[in-house]
Amino acid sequence: KIVGDYYEEQLKLSPISATSNGDNRYNDQLNIDFTDSHRALDKSVLEKYQQSLSALNRTDLNPNDQITYDLLTRDIKLGLEGLTYPDNLTPLNQFYGLHLTFAQLGSGQVIQPFKTVKDYENWEKRMKRGVAYLVSSIVYFRRGMKQDYVLPKALVIKMIPQFTSFAVKDVKESTFYGPLKQFPADFSEADKQRLTAAYSAAIENEIMPAYARLATFLQEEYLPKARTSTGISAVKNGAAYYQFLIRVLTTTDKPADEIYQTGLSEVKR
């Protein structure tokens, strides 16, 4: 019951994860997950289930449920620790980020379904939230600049072309126009015209300007303040954050240097 409830709440916190899991209940939603308010909500949910687990006696559980208990305990602990680091001050980067996921979803070629009129209406709503996410990221990038918590210049340079690439002369050339080129055969002409008008207006008046605004911001305002260092250890609590990521991604507590030496010795072997 605890695990099921926890899973349901996590889907609400991350609607795109729900979509990727084949759960279509939240296909019209997109949370701006780097904001203080969302992180506070995330923290409250994690603490609630941490308290629920603490009320259980692990030894009373069967072996399978003990494993589930341990996994959930770890997930919650890491989630709470992760929220203590200000990685939300770099809400996008060159390798992953909503600016890339947003375009993939809007292309109509990945997990966002475009099979029914309702699907198209869901994306119309999620599209608005995506624009808000992009624009809001500038606010948190600027906060990071004030706190000297910024991305390396080498990465910012790679990000700028990602944003400028969305500038097209004709909306029909936009990645986000993709769903309008593949209407299901059973759509009425009225629905096609309505959706085409709505999507085209959103692409031209909201999406493309948002990408352009971020490109300009990164080029003119952020890049001059970006750091010349590369590793995350160069920022405040960066070394601790790196060690945290090692625990998240490898499930070990091994120091970074030890893992590096293991890599060298394995290559040599």
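You'll find the structure just up there.
Residues numbered from 1 in each chain as written. Predicted model: local features only at pLDDT ≥ 70, side-chain atom pairs only at ≥ 80, totals over all residues. Heavy atoms only, no water.

A few words now on the overall build of the chain. Within the chain one finds ten helices and zero strands. Ordered by position from N to C terminus, the α and β elements of the chain give α-α-α-α-α-α-α-α-α-α. Judged by the C-alpha coordinates and their principal axes, the chain covers about 60 × 50 × 45 Å. Of all 269 residues assigned to the chain, the portion counted as buried reaches 39%. Taking contacts inside the chain between residues at least 6 apart in sequence as the whole, the part at least 24 apart equals 74%. Each charge class in the chain can be summarised by its mean position, and for the 33 positive and 32 negative side chains these summaries are 4 Å apart. (Helix = DSSP H or I, 4+ residues; strand = E, 2+ residues; numbered from the N terminus. Buried < 20%, exposed > 50% of the residue type's maximum accessible area, 1.4 Å probe, protein only. Contact = heavy atoms within 4.5 Å. Lys, Arg positive; Asp, Glu negative; His and termini not counted. Charge placed at Lys NZ, Arg CZ, Asp CG, Glu CD.)

Another aspect to go through is the environment of Lys115. Among the secondary structure elements, Lys115 is positioned in the loop between α5 (98-106) and α6 (117-146). Overall, the relative accessible area of 63% leaves Lys115 in the exposed class. In this structure, the C-alpha to C-alpha distance between Lys115 and Glu81, residues 34 residues apart in sequence, is 40 Å. Non-local contacts of Lys115, meaning those with residues more than four positions away in its chain, are made with Tyr120, Pro184 and Phe187.

Further remarks concern the environment of Asp36. Turning to its location among the elements, Asp36 is positioned in helix α3 (residues 36-54). Assessed through its relative accessible area of 38%, Asp36 is described here as partly exposed. It is 8.6 Å that separates the C-alpha atoms of Asp36 and Asn88, two residues lying 52 residues apart in sequence. When near neighbours in sequence (up to four residues on either side) are disregarded, Asp36 contacts Asn88, Tyr140 and Arg143.

A general trend in soluble globular proteins is that nonpolar side chains are found buried together. Core analysis: the largest hydrophobic core is formed by 54 residues, its most contacted members being Phe102, Phe176 and Tyr211. Elements with a contribution of two residues or more to this core: α5, α6, α7 (153-164), α8 (189-222) and α9 (238-250). Apart from residues no more than four positions distant in its own chain, Phe176 is found in contact with Phe102, Ala103, Gly106, Trp123, Phe166, Tyr199, Ile203, Ile207 and Tyr211. Ranked by size, the runner-up nonpolar core spans eleven residues in total, among them Tyr6, Tyr49, Ile76 and Leu80. (Core = buried A, V, L, I, M, F, W, Y, C linked by side-chain atoms within 4.5 Å.)

Right, let's get into α6. Here α6 is 30 residues long and its end C-alpha atoms lie 45 Å apart, about the 44 Å a rise of 1.5 Å per residue gives. Phi turns positive, to about 60°, at Asp148, one or two residues after α6. (Expected span 1.5 Å × (residues − 1).)

Below, the discussion takes up α5. Restricting attention to buried positions, one finds in α5 the residues Leu98, His99, Phe102, Ala103, Leu105 and Gly106. The buried residues of α5 occupy an angular sector of 160° when the element is viewed end-on, so they sit on one face. Taken together, the buried residues of α5 touch α2 (15-20), α6, α7 and α8. Positive backbone phi, approximately 80°, marks Gly108, located one or two places after α5. (Arc of directions from axis to C-beta.)

A few words on the packing of aromatic side chains. What describes a pair of aromatic rings is the distance from one ring centre to the other and the angle between the planes of the rings. Per the counting criterion, the structure on display carries 21 aromatic pairs. Each ring, one from Phe141 and one from Phe217, has its centre 6.0 Å from the other, and the planes form 40°; the classification is tilted. With Phe141 in helix α6 and Phe217 in helix α8, the pair connects residues that are 76 residues apart, well separated along the chain. Judged on exposure class, the residue Phe141 and its partner Phe217 are both buried. Site record: aromatic cluster; members linked through ring pairs are Phe102, Phe114, Tyr120, Trp123, Phe163, Phe166, Phe176, Phe183, Phe187, Tyr199 and Tyr211. (Phe/Tyr/Trp six-rings, centres within 6.5 Å; stacked < 30°, edge-to-face > 60°.)

Although it is not a glycine, Asp148 sits at a positive phi angle of roughly 60°. With respect to the element layout, Asp148 can be found in the loop between α6 and α7. Judged by relative accessible area, Asp148 falls into the exposed class, the value being 58%. For Thr251, which is not glycine, the phi dihedral falls at a positive 65°. Of note, Thr251 is situated in the loop between α9 and α10 (256-268). By relative accessible area, which is 61% here, Thr251 ends up exposed.

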